[in-house]
Each structure stands twice: as structure tokens, then as C-alpha cells.
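Survey of secondary and tertiary structure
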Amino acid sequence: MSMFGQVYVKNNQYKIKGNFHHMTPNQPIRNADDGWKLMGVTNPRDMTYMHSYGGEAIFFESLGKGKLMATRCDNRKCDMKGTIYQPFRIHCMSCLGKNTVIDMTKLAKKSAKIHTFMVCERSGAFSILDKPIKFINIEFDGVPTILMSYLSIGDPKIGMKVIPIFRTTNPTYTILDLSWVPVGTKETNLPEGFSF
Ligand SMILES: [Zn+2]
């Protein structure tokens, strides 16, 4: 009964298997200042949420294969034609047409640098990143948008050249499968599961 909930799609429908909620015993809440009288109970709630990636699925699938995908507006009538969007945008924000999916791994390896950064000594609930977390905003040549990610090795500096790394062993299929290290980092120093 401890199996994680699993989902696949067949015939355009979700097929689910396993437990999507777990019963956890409630506990009394008592008042230490008044003879430990009963004040209430805790109601633990644990649920599995099915998060659909829609048109962004290829972005997350590709991270585990060592590829950074972006999109580009190819609409001849659009003022933004040829614009590369990273983060991945399914539709062009100028003409609302559907963008073309492109592989920008090479461009990222060649031109990524830190636009700005933020170092966080504390994190929110469920964060599994090592602290301090070095959040970085990354710019690429010819890309007008900025990508938010995190630096795995070293200390961030504005203008620092960085290179993408990918969790190709046991990917999580989330944005955490993408991280960055300074240019020149040796592959043997990368975090477990990551490669260039
Ligand atoms: Zn457009």
C-alpha cells in the first residue's frame, strides 16, 4: 500500500495506478499552559498532483538527454520573427502564433553568461537544492530573454561565462535537471548524475 501514484496516458486519457493519497494518523494538539487540555487535532494531508507539461513537455524530456530546447517565432508577418525564446515559450508573445521548437544547446555552451544573481541562505518548503542556493539569470547571444537557473559550482559573478550541465542519470523531468558551472569546470567535478 506504499506504492507511489503512477500515471500514463492512453487513448487521450490519464490512466492511474497506486495510491494518490495516504492516510496518516492525526495527532492531538494540547495546551501546555492549561494542564495539557485538548485544543484540536492535526489533519495530515498528503496528495499526488498530476502536473501536465502540455507543449513544454519536450523541454523537460530533452534536459535528461543533455539538450537545452528553446522556441523561435518563424511567422513572416510578425515583427519578432526570428526571435529565440528561452525560457521556452509555446506561443510568440507578439503575434500569438505557435513558435518553432529549436535546440539551442550549442548556443548556450558557447555564449551563456551570468546577467545577475542572488544567493539564498534559506529556502522554501520542499526545496532540495544545497544551501546557499546560487540563483543565476543567464543571458545568451541573440536571445532577448533571460533564463533563471542555479549555479552548481563556484561563486557567481556578473558577466561570468557559464556552461550548462544536465542530469542525464536518473533525471527528475523538472527544471532541476538543468544547472550551470563556470566554463573550464572538469566533468569529474560535476554533481552526481550530471554531465555536459
Ligand atoms: Zn511572432
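Worth saying up front: this structure is predicted, and the values here are computed from it rather than measured.

What follows concerns the overall build of the protein. A count of helical and extended segments in the protein gives two helices and 15 strands. In terms of C-alpha radius of gyration, the protein reaches 22 Å, well past the compact-globule figure of 16 Å for 196 residues. For the protein, the spread of C-alpha atoms along the principal axes amounts to about 70 × 45 × 35 Å. Looking at the 196 residues of the protein, the share that counts as buried comes to 18%. Contacts in the protein between residues far apart in sequence, at least 24 positions, make up 46% of those at least 6 positions apart.

Across the sheet, which stays open at both edges, the three strands sit in the order β10-β11-β12 with antiparallel pairing between neighbours. Edge positions in the sheet fall to β10 (113-120) and β12 (147-150), since each has one partner strand and no second. Across the sheet, the axes of successive neighbouring strands diverge by a mean angle of 25°, strand direction being ignored. Both β10 and strand β11 (residues 133-139) contribute to a ladder of seven bridges, which runs antiparallel. Looking at the pairing, M118 lines up with F135 of β11.

Read from one edge to the other, the open sheet built from three strands follows the order β8-β7-β9, with strand pairing classed as antiparallel. Single-partner strands in this sheet number two, and they are β8 (84-85) and β9 (100-103). With four bridges connecting them, strand β7 (residues 69-72) and β9 associate as antiparallel partners. For A70, the partnering residue across the bridge sits in β9 and is I102.

A separate point is the pairing of β12. Alternating residues of β12 divide into L147 and S149, all buried, and M148 and Y150, none buried. Bridge analysis of β11 against β12 gives four bridges, and the strand direction is antiparallel. Within β12, the position partnered with N137 by the bridge is M148.

This part is about the nonpolar core. Ranked by size, the top nonpolar core spans 24 residues in total, and within it A70, A112, I138, V162 and W180 carry the most contacts. Contributing elements (two or more residues each) for this core: α1 (57-63), β8, β11, β13 (162-167) and β14 (178-182). For A70, the residues in contact, after removing those within four places along its chain, are I84, Y85, Q86, F88, I102 and M104.

Another aspect to go through is the environment of S62. Within the fold, S62 resides in helix α1. Judged by the 19 C-beta atoms lying within 10 Å of it, S62 is partly exposed. Spatially, the C-alpha atoms of S62 and F166 are 9.4 Å apart, while their sequence positions differ by 104 residues. Once residues within four sequence positions are removed from consideration, S62 is found in contact with K67 and M69.

What counts as what
Residues numbered from 1 in each chain as written. Predicted model: local features only at pLDDT ≥ 70, side-chain atom pairs only at ≥ 80, totals over all residues. Helix = DSSP H or I, 4+ residues; strand = E, 2+ residues; numbered from the N terminus. Rg over C-alpha atoms; globule rule 2.2 N^0.38 Å. Buried ≥ 20, exposed ≤ 12 C-beta atoms within 10 Å, placed from the backbone. Contact = placed C-beta atoms within 7 Å. Pairing = 2+ DSSP bridges. Axes fitted to C-alpha atoms, helices over the stretch in contact; angles between N-to-C directions. Core = buried A, V, L, I, M, F, W, Y, C linked by C-beta atoms within 7 Å.

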